[in-house]
Amino acid sequence: MEAPVRAPEIARPAMTWFNVAAPLSLADLRGRVVILDFWTFCCINCMHVLPSLARVEERFPEEVAVIGVHSPKFFAERDPENVAAAIARYGIRHPVVHDPNMTLWREYAVRAWPTLVFLDPEGYVIGQFSGEPDADRLVEAVGDLVDQARERRVLEPVPLLLEPAPDPEGTLAYPGKIKPLPGGGWIITDGGHNRIVVADDSGALQTTYGSGRAGFSDGDAATATFHGPQGLIADATTIYVADTGNHAVRAIDRASGMVSTIAGIGRRGAVLGDPAPASETAMASPWDLEIAGDRLYVANAGTHQLGVIDLKAGTVARLAGSGAEALVDGEALEAAALAQPSGLALDPAGRRLFFADSETSAARVLDLERGEVTTLVGAGLFDFGHKNGPFGKARLQHALGLAWTDVGLVVADSYNRAVRLLDLERGEASDIEPGLTCQDPVCLPLGEPAGIAAAGNGLLLLADTNNHRILELNPAGASYRTWMH
């Protein structure tokens, strides 16, 4: 029998802690079962683990301590301010230690995001699990560990004094995508408030859909609930919503305001395949939508695929992506591999569906007529940066949104805090912002913008997510201003 392994200390110099007043050591956690959640905030699979951990925390509030260990992949994820914003955006209430140099990652022999490491109340490593655990089995397994610790009389929890960040104030909280509303106005996913916002062309609030409480219930505009919606699109009669936290696609009737569910069952689903009843098929973190007639295109980020909902037939099917997480071009259904597609833009002719493939920091396109995927900008899962020039040499960093314009494809280059222009005719990338002059009384750098839209007359509207606002960009006038906050 192998001797138990003493857990490496988690309180280290120069590491930033969140949601607690002071760093926590293993001695502070003695007497509890401890779960170390090794994660990074770009990772969709890491996001999927959070609800399971929340169930554990709810079931064992005294006996178990969950500690997030943030282990960054991207350059932007090393910045503590960005980590703090992600913690607030995801609603993480447990303590988190930021490990930008991956020290704890190495010492705990972690190899993949996400990974859970389990410690007993005496500070010994008793297990490790990589990937997304089944929530029920996780609660059951942790319950067994708690029972064992109680039988050994080592369960002596000491209360932890948590200090989570306050919720943002203002009309918007972590807005995601912004899209035009046919007939005039704009629709915005107000993810931090779990609702959909409608604004007029001047940026004035018109109406909202959703109670503001996180949940998964249909009903009228005031009582229906969403959970962290990220994407949306509208036609003349309906607003369609990528209800990301609920793994569902919802529909809002523009005449009555009634909300219904057209795809998804409220839990994370497996890889999409042949057409299946949409109302009975589990989706996986749908992140954005586009529409052409009765075809509703879905960025199904959690399975690294594009899907299509046939609104007339009521079915959902794979459109592109094998389900593998990679950057592979070619035939859409079997050969092509995607990595967390997070933004969609359909060309005016309806023949090409552009998408932001966030984990490969890529802008890619699906030819809908030929059924082929091609990469415009991007090279692989660990190739990223902020480089302009020919597409083959240009680099993005975890881009989340894009939009078709008369001058090319504009990209919300999220982790670069930038707006990029991809000139499709010349095959070159350039910056729009940085390069514009702020016209606001108080000016802030961009905060991981996640959505972008063409507003006519050469103007762009940008969801400046971590700053809880929508900006109006005027590239011709070399300026920008806050349009909604």
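Everything here concerns the structure above.
This one's a predicted model, so the numbers in the text were calculated from it and none came from an experiment.

Trainee: I'd like to hear about the pattern of salt bridges, residue by residue, with values.
Mentor: This structure, assessed with the given rule, holds 27 salt bridges. Measuring nitrogen to oxygen at the nearest pair gives 2.7 Å for the salt bridge that ties D243 to R250. Comparing D243 with R250 shows no difference in burial state: the two are buried. Between R426 and E428 there is a salt bridge, and its shortest N-O distance comes to 3.2 Å. Each of the salt bridges in this network shares a partner with another, and the network as a whole consists of E63, D147 and R150.

Trainee: Report on the packing of aromatic side chains, specifying residues and quantitative values.
Mentor: Counting across every chain of the model gives seven aromatic pairs. Their ring planes at 45 degrees and their centres at 4.9 Å tell us that W105 and W113 sit as a pair that is tilted. Residue classification places W105 among the buried positions, given a relative accessible area of 11%. Site record: aromatic cluster; members linked through ring pairs are F41, F74, F75, F384 and Y415. Above the plane of the ring of Y124 lies R6, whose end atom (NZ or CZ) is 4.2 Å from the centre.

Trainee: Explain the nonpolar core to me, using residue names and the numbers behind them.
Mentor: In this structure, I10, L36, F38, I67, L104, Y108 and L119 are the most contacted members of the largest nonpolar core, which totals 22 residues. Contacts of I10, omitting those with residues within four sequence positions, involve M15, W17, L24, S25, L26, L29, L36, I67, V97, L104 and Y108. Core analysis: the second largest hydrophobic core is formed by 18 residues, L53, V56, L138 and A149 among them.

Trainee: Describe the packing of helix 1 (residues 44–59) against helix 4 (residues 135–151), naming the residues involved and giving the relevant values.
Mentor: Orientation of helix 1 relative to helix 4, taken along the N-to-C sense of each, is 35 degrees, at an axis distance of 9 Å. Seen from above, helix 1 lies across helix 4 with right-handed handedness. Contact residues: helix 1 offers S52, L53, R55, V56 and R59, while helix 4 offers A135, D136, L138, V139 and V142. The residue makeup of the contact of helix 1 with helix 4, split by class, is six nonpolar, one polar and three charged.

Trainee: Requested: an account of the environment of K393, with residues and values cited.
Mentor: Turning to its location among the elements, K393 is positioned in the loop between strand 26 (389–390) and strand 27 (401–405). Since its relative accessible area comes to 64%, K393 is described here as exposed. Separated by 35 residues in sequence, K393 and E428 place their C-alpha atoms 9.1 Å apart.

Trainee: Summarise the state of the cysteines; cite the residues concerned and give the values.
Mentor: Throughout this description, disulfide means a covalent bond between two cysteine sulfur atoms. Per the stated rule, a full pass over the model turns up one disulfide. Lacking any disulfide linkage, C42 is separated from the closest cysteine sulfur, that of C43, by 6.0 Å. Looking at C42, the relative accessible area reads 1%, which means it is buried.

Cut-offs used in this document
- Per chain, residue numbering runs from 1 following the sequence as it is written.
- Since the coordinates come from a predicted model, pLDDT governs what is reported: local features require at least 70, and pairs of side-chain atoms require 80 or more to be given and counted, while whole-chain, interface and lining totals use all residues.
- Note that the side-chain values use all heavy atoms of the structure and ignore hydrogens as well as water.
- In what follows, salt bridge is the name for a side-chain nitrogen of Lys or Arg lying within 4 Å of a carboxyl oxygen of Asp or Glu.
- Remark: exposure states derive from per-residue accessible area (1.4 Å probe, protein chains only) relative to the maximum for the residue type, with buried under 20%, exposed over 50%, and partly exposed in between.
- Centres within 6.5 Å are what make two rings of Phe, Tyr or Trp a pair, Trp counting through its six-membered ring; a difference in plane orientation under 30 degrees is then read as stacked, over 60 as edge-to-face, and the rest as tilted.
- The criterion is that NZ of a Lys, or CZ of an Arg, lies within 6 Å of the ring centre and within 35 degrees of the ring normal, and then a charge sits over that ring.
- Residues enter a nonpolar core if they are buried and are Ala, Val, Leu, Ile, Met, Phe, Trp, Tyr or Cys, with the set joined through side-chain atoms within 4.5 Å.
- Residues are treated as being in contact if the distance between any of their heavy atoms lies within 4.5 Å.
- A fitted line through C-alpha atoms represents every axis, and for helices the fit uses only the stretch in contact; the resulting angles, taken between N-to-C directions, go from 0 to 180 degrees.
- Helix and strand labels come from DSSP, where a helix needs a run of H or I of at least four residues and a strand needs a run of E of at least two; each type is numbered from the N terminus.
- Crossing handedness is read from the near helix: turned anticlockwise from the far helix by less than a right angle, it gives a left-handed crossing, and turned clockwise, a right-handed one.
- Any residue outside Ala, Val, Leu, Ile, Met, Phe, Trp, Tyr, Cys, Pro, Asp, Glu, Lys and Arg is labelled polar, Gly included; the first ten of those are nonpolar and the last four are charged.
- Working definition: a disulfide is two cysteine sulfur atoms within 2.5 Å of each other.

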